[in-house]
Structure formats: C-alpha cells, structure tokens
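Residue-level structural notes
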Amino acid sequence: MTANDLNGFGILVTGGGTGIGKACATSLVLNGASVTICGRTEKRLQETQEEIAQNSGGHEKIQYRVCDVTQEDQVEEAMDTASRFGDGLKGVVANAGGGGALAPYHLQNLEEFTRVLHLNVLGTMLCVKHSVPHMKKSGGGSFVGMSSIAGHLTHLWFGAYPVAKAGIEAMVMNAADEFGPSNIRFNAVRPGFIATEIMEGVPRESNTFKSYIDNTPLGDVGKPEDVASLVKFLISSDSRWITGQCINIDGGHSLRRGPEFTEFLGGLTEEDLLGHKG
C-alpha cells in the first residue's frame, strides 16, 4: 500500500479512543480514510481526535461520536454518521470489547459473565447489523472483528472472554458467507499480548508476564501499531480476495500455550481451584 490508498473510504472504528482502536484509526487516517471513532468516554475521544488531527494535518479526516456498542440506537446513529463522512461507509473495525473478573467457571458471577458476552458478541453483532446496508450501498466493504488468541487458545480463569471471542469468530465466518455476494468481506484478527493501557496492569516482573514471553517464539510483546498494520491491510483493496478468515498477530504465541494468570486470582485456595496448581 501507498499513502492515500484509502482515499474516500468512510470507516468506523469502535473503541477508537485508546489502545488498538486508536492505533487503527491513526493508521487509517494517515492512509487517506475518513475515520469516525466511537466509544463511551467523550473526553478520551476528543483527546484522540485532536492527536490524530495534529499528526495528519487537520480535522478533515477524523471525527468522533459517543457510542455504547451494546445500545442499538447508538450503534445505528454512529453508522449513519460514519456513512456520511467520506464517500460512503467502506469499512468497520469492531474493536470495542473487553474482559471481566478472573475466576474459575464454577465461581463465575452470572451478571459479570453476561456483561462480557454482551459487550463483545452483542456489540459486534449490532455493528454487523447496522453496517451492512451502508456498505452494500457503497458497493461493498470490509468488516474487521477484534478477536484474540484467547478465542482458540486456552486462557485459564478468563470466564466469558474466550467464549465471547470464539463467538465473534463464528459470527465473522458466517457473515462472510452471507454477505459475500454483496461484495462485503468479513475477517477477524487475533492479537496476543499487545502493550496497551489495559495490559500495563500485568507487571513485567510477574510470573504472568514471564509466561507470555516464554510461550512467544519471537520473545517479546506486540505494539498496537502491529495490529493496526494488519487491520489496514484487511480494510484495503489489497486484501480483496480474503474473507471469512481469523488471522493471528501474536509473535507466534498461538503455537504454544496460553498465559498463566493464577497469581491474579486474589487469594483463592487450591481447594477453590479444585486442585489446580498455578
């Protein structure tokens, strides 16, 4: 790809105020796209908009909307807004998501489990539902779902999170089959450990961090910009013959085994863990 290959592309990035979403939005704008970022915290969105505008020469290619992806009316409004920014909606990066409290399944809180499913699976579904008509009108487009290596590699104690990410992958594959005739592509990316604000909560001297490094052939952690590069490719016409795929971006971590978060369980005993020894 060269600069401005995405000229005229209207793109919505959910969870675009921080981390991977922010890196994706920055990359897409710098390649010519007209990007709408959305999230729940307006101050954070404003700060990201200003930062991207300063780095890209102005506000012409970046705007924001406050949006909770679990609220259908807000998702519908955000898609409508994004479709009028640029030459129609050509891409969606469904990045909004997250995990919950760490606990074995027999100690999972139902409300928290459901919240994580709603945020990840329902949020992605609503983005699919309300983007497809706009992308069809634009002559086609590309939808990128944000999965994780946790969607196919065991992550002990992560509760609803691996289930939710696996659900996103199943949704992306089915949507690719359903909407291929409309020239709308659906793919998912599977980041491993990416050095975002959230992952700063894992101390670098901890056994958990060591478990990531030990199980990553490239022996390091990724950057949000690494994921953004893959997302940019999947949004662009360079990936026109790729759909229904779930692509790892994890330094090879998925070749081995998941991380060990037992030290973060907060005082649970071996009896609570039914004999598991971290």
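I will try to describe carefully the structure that is included in this document. Predicted model only: the values in this text are computed from it and were never measured. (Residues numbered from 1 in each chain as written. Predicted model: local features only at pLDDT ≥ 70, side-chain atom pairs only at ≥ 80, totals over all residues. Heavy atoms only, no water.)

**A closer look at the overall build of the chain**
A tally of regular secondary structure across the chain gives seven helices and seven strands. Moving toward the C terminus, one meets the helices and strands of the chain in the order β-α-β-α-β-α-β-α-β-α-β-α-α-β. For the chain, the C-alpha radius of gyration of 19 Å lies close to 19 Å, the compact-globule estimate for 278 residues. Overall, the C-alpha framework of the chain stretches about 60 × 35 × 35 Å when taken along its three principal axes. Out of the 278 residues in the chain, the part that is buried amounts to 53%. Taking the contacts inside the chain whose residues are at least 6 apart along the sequence as the reference set, 74% of them involve residues at least 24 apart. Carbon together with sulfur atoms contributes 51% to the accessible area of the chain, which is approximately 12,800 Å² in total. (Helix = DSSP H or I, 4+ residues; strand = E, 2+ residues; numbered from the N terminus. Rg over C-alpha atoms; globule rule 2.2 N^0.38 Å. Buried < 20%, exposed > 50% of the residue type's maximum accessible area, 1.4 Å probe, protein only. Contact = heavy atoms within 4.5 Å. Areas by Shrake-Rupley, 256 points an atom, 1.4 Å probe, with all protein chains shown as cover.)

**Some remarks on unusual backbone geometry**
If you check the backbone angles, Trp157 has positive phi at about 75° while not being a glycine. Turning to its location among the elements, Trp157 is positioned in the loop between strand S5 (141–146) and helix H5 (160–179). Positive phi outside glycine occurs at Asn183, with the angle close to 65°. As for its position among the elements, Asn183 is in the loop between H5 and strand S6 (184–191).

**So, empty space enclosed by the protein**
For the structure on display, the rule yields one cavity of 30 Å³ or more. Roughly 30 Å³ of volume is contained in the largest cavity. Along the walls of the largest cavity sit Gly100, Ala101, Gln108, Glu112, Phe113, Val116, Phe158, Gly159, Ala160 and Tyr161, which together make up its complete lining. Elements supplying a minimum of two residues to the lining of the largest cavity: helix H4 (110–137) and H5. The biggest single contributor to the lining of the largest cavity is H4, with three residues. (1 Å grid on protein atoms, 1.4 Å probe; cavity = no way out; pocket = protein on both sides within 12 Å on 5 of 7 lines; lining within 4 Å. Points joined across faces, edges and corners; volume = space filled by probe spheres on them.)

**Focus: the layout of surface pockets**
Once rolled over the atoms, a probe with the size of a water molecule shows which space is left empty. By volume, the largest pocket amounts to about 1,200 Å³. Considering the residues around the largest pocket, the lining is formed by 45 residues, among which Gly97, Gly98, Gly99, Thr196 and Ile198 are closest to the centre. When residues of the lining of the largest pocket are traced back to their parent elements, those giving at least two are helix H1 (19–30), strand S2 (34–39), helix H2 (42–56) and H5. Tallying contributions element by element places H1 first for the lining of the largest pocket, with three residues. Considered class by class, the residues forming the lining of the largest pocket number 21 nonpolar, 19 polar and five charged. (Nonpolar A, V, L, I, M, F, W, Y, C, P; charged D, E, K, R; others polar.)

**Details of H5**
With 20 residues, H5 extends 28 Å between its outermost C-alpha atoms, agreeing within 8% with the 28 Å of an ideal straight helix rising 1.5 Å per residue. Those residues of H5 that fall on the buried side of the exposure criterion are Ala160, Tyr161, Pro162, Ala164, Lys165, Ile168, Glu169, Met171, Val172, Ala175 and Ala176. Contacts from the buried residues of H5 go to H4, S5, S6 and strand S7 (246–249). (Expected span 1.5 Å × (residues − 1).)

**Some thoughts on the packing of H1 against helix H7 (residues 224–235)**
Remark: H1 packs on H7, axes separated minimally by 8 Å, with the N-to-C direction vectors making an angle of 50°. It follows from the interaxial angle that H1 and H7 lie oblique. Our pair here, H1 against H7, has a crossing hand that is right-handed. Contacts from Gly19, Ile20, Ala23, Cys24, Ser27 and Leu28 in H1 reach Pro224, Glu225, Val227, Ala228, Val231, Lys232 and Ile235 in H7. Broken down by class, the residue content of the contact of H1 with H7 amounts to nine nonpolar, two polar and two charged. (Axes fitted to C-alpha atoms, helices over the stretch in contact; angles between N-to-C directions. Parallel < 35°, antiparallel > 145°, perpendicular 65-115°, else oblique. Left-handed = near helix turned anticlockwise from the far one by under 90°.)

**Digging into the packing of aromatic side chains**
For the structure on display, the rule yields nine aromatic pairs. Here the aromatic rings of Tyr105 and Phe113 are separated by 6.4 Å at their centres, their planes lie at 65°, and the arrangement is edge-to-face. The exposed category is assigned to Tyr105, whose relative accessible area is 53%. Ring centres 5.7 Å apart and planes at 85° place the aromatic pair Phe193 and Phe209 in the edge-to-face group. Pair noted here: Phe193 is in the loop between S6 and helix H6 (207–214) and Phe209 is in helix H6, with a separation of 16 residues, a long-range link. (Phe/Tyr/Trp six-rings, centres within 6.5 Å; stacked < 30°, edge-to-face > 60°.)

**Concerning the side chain of Thr36**
By the element assignment, Thr36 lies in strand S2. Sequence-distant contacts of Thr36, defined by excluding residues within four places in its chain, comprise Ile11, Leu12, Val13, Gln63, Arg65, Ala82 and Phe85.

**Regarding the side chain of Thr81**
Position of Thr81 relative to the elements: it lies in helix H3 (residues 72–83). At 2.8 Å, the side chain of Thr81 forms a polar contact with the side chain of Glu77. Not counting residues within four places of it along the chain, the set of residues in contact with Thr81 comprises Gln63 and Arg65. (Polar contact = N/O pair within 3.5 Å; in protein donor to acceptor, adjacent residues only side chain to side chain.)

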